[in-house]
Amino acid sequence: MTILTNTATLPAPLGGLLVHRVRHLHEGETRGLPTLELSDRAHADLEMIATGAYSPLTGFLNSADYASVIERMRLANGTPWSLPITLMVSRDEAAQAHGTVVLTREGRPVGLLDVQEQYTPDKAHEAREVYRTADAAHPGVAALYAAGEVYLGGPVTLFEVPRGAFPRHHRTPAEVREVIEARGWRSTVAFQTRNPIHRAHEYLQKVALELVDGLLLHPLVGSTKGDDVPADVRVQAYEVLLDKYYPRERTLLSVYPAAMRYAGPREAIVHALSRRNYGATHFIVGRDHAGVGSYYGTYEAQEIFSHFSEEELGIKILKFEHTFYCRTCSQLVSPRTCPHDGSHHLVLSGTKVRELLRAGQPLPGEFTRPEVAEVLREGYSRLG
């Protein structure tokens with residue numbers, strides 16, 4: 001397998017090397033081998049591992065790394081890592097999964113798994129540690145409980161990078177690094193989002209752009225829960241926003257193909273570490289990053305980074321408080337800069353935004369740009 005080394009201007013990938021386990025399928029090499037159909041999330045994990053987004057992982061976690069991640073938020077060798085990236089299968093599937101297994105999507109070979117270990121986890125314990133709840137109403141916990149009882153550990157191979165629905169914006173970590181280098185950015189801030197960008201997000205990004213050379217707008221386009229705005233609508237909204245309101249030479253829109261786990265604080269750590277692998281030097285963590293419902297405290301996703309030193313994270317975390325539009329200040333502000341109470345503020349929850357869109361009502365200009373509002377309105381109209 002090819003291993004890509006660090007360049008002079010970009011941060012070293014986590015573990016020092018950018019893993020690259022992608023190669024072409026050789027004719028006849030899968031003949032006679034057992035097969036295993038991947039879920040949406042497992043397929044996304046396969047890509048994230050094989051392209052180096054999850055460096056230093058080279059495969060699905062073995063039991064030692066799994067246990068260490070659950071208990072210490074580190075791999076067994078001490079490297080920071082906070083989410084168990086595991087392949088969960090049924091007992092019947094596990095009985096057939098030995099040696100080299102062909103990984104498939106809709107019956108088509110997409111990669112290989114060298115099965116080195118099978119183990120049975122304590123899912124209730126995993127749920128409590130990773131998601132901080134065993135409540136099956138939590139979408140991440142629900143997905144965990146619904147998946148297979150046996151975990152397969154071992155290195156993987158991907159046959160082809162799946163460019164998906166957004167081939168123009170779908171770049172591997174190595175390809176994002178090439179763009180950053182070509183543009184001469186000495187510092188890059190990454191922004192994670194699974195929602196359309198509203199004015200508060202824009203404010204955070206542009207404050208960060210005052211500090212660094214470039215912005216990597218990196219929306220997650222893997223599987224999300226059913227009531228999230230569809231990825232195609234979100235990407236179109238990003239495109240119209242960047243075209244009119246951002247400096248083109250200082251911004252890069254590139255999709256992040258991971259599946260959403262809604263693990264709140266723990267997911268924030270992996271979001272930051274993987275953006276280091278993409279070449280970012282800074283990462284924005286705002287209010288309730290990767291959260292869902294009321295399972296996590298407002299700023300727990302910022303506080304959790306205190307478990308690691310900045311040197312071992314290898315990426316600077318920019319922590320922002322909740323931002324909103326103040327009618328009296330007549331601008332976007334935060335509790336740090338605004339003296340007025342909530343009666344002066346315009347704050348729309350995601351639920352409220354969806355209600356307005358479904359009803360065909362306009363979104364306030366103080367909340368979102370009119371071009372974005374129109375994309376969202378049309379998107380929801382198509383969805384009925």
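What you see is a predicted model, and the numbers here were worked out from it, not measured in a lab. (Residues numbered from 1 in each chain as written. Predicted model: local features only at pLDDT ≥ 70, side-chain atom pairs only at ≥ 80, totals over all residues. Heavy atoms only, no water.)

**Student:** Teacher, can you tell me more about the sheet that holds strand β10 (residues 251-253) here?
**Tutor:** Adjacent strands of a sheet pair through backbone hydrogen bonds, lying either parallel or antiparallel. With respect to topology, five strands assemble into an open sheet ordered β10-β9-β8-β11-β12, the strand pairing being parallel. Both outer strands of the open sheet, β10 and β12 (316-319), are each paired with one neighbouring strand and no more. The average angle at which neighbouring strand axes cross in this sheet is 25°, direction not considered. Sheet analysis places strand β8 (residues 188-193) next to strand β11 (residues 282-285), joined by two bridges and oriented parallel. Bridging from a neighbouring strand, Val 189 pairs with His 282 of β11. Strands in contact with helix α6 (residues 173-183) are β8, β9 (214-219) and β10; relative to β10, the strand with the most contacts, it is inclined by about 160°. On the sheet, helix α9 (residues 265-277) packs against β8, β9, β11 and β12 and is oriented at approximately 155° with respect to β11. (Pairing = 2+ DSSP bridges. Helix = DSSP H or I, 4+ residues; strand = E, 2+ residues; numbered from the N terminus. Axes fitted to C-alpha atoms, helices over the stretch in contact; angles between N-to-C directions. Contact = heavy atoms within 4.5 Å.)

**Student:** Could you clarify how one ought to interpret the environment of Ala 359 in this entry?
**Tutor:** In this fold, Ala 359 is placed in the loop between α12 (350-358) and α13 (370-383). Note on Ala 359: relative accessible area 49%, which makes it partly exposed. Between the C-alpha atoms of Ala 359 and Tyr 380, which are 21 residues apart in sequence, the distance is 9.3 Å. (Buried < 20%, exposed > 50% of the residue type's maximum accessible area, 1.4 Å probe, protein only.)

**Student:** Help me understand the packing of helix α8 (residues 231-245) against α13, please; the structure alone is not making it clear to me.
**Tutor:** Two quantities define a packed helix pair, namely the angle between the axes and the distance from one axis to the other. At their nearest, the axes of α8 and α13 sit 9 Å apart, and the two run at 160° to each other. If you check the angle between α8 and α13, you find them roughly antiparallel. The handedness of the crossing between α8 and α13 comes out as right-handed. Seen from α8, the contacting residues are Asp 232, Val 233, Gln 236, Ala 237, Val 240, Leu 241, Lys 244 and Tyr 245; seen from α13, they are Pro 370, Glu 371, Val 372, Val 375, Leu 376, Gly 379 and Arg 382. (Parallel < 35°, antiparallel > 145°, perpendicular 65-115°, else oblique. Left-handed = near helix turned anticlockwise from the far one by under 90°.)

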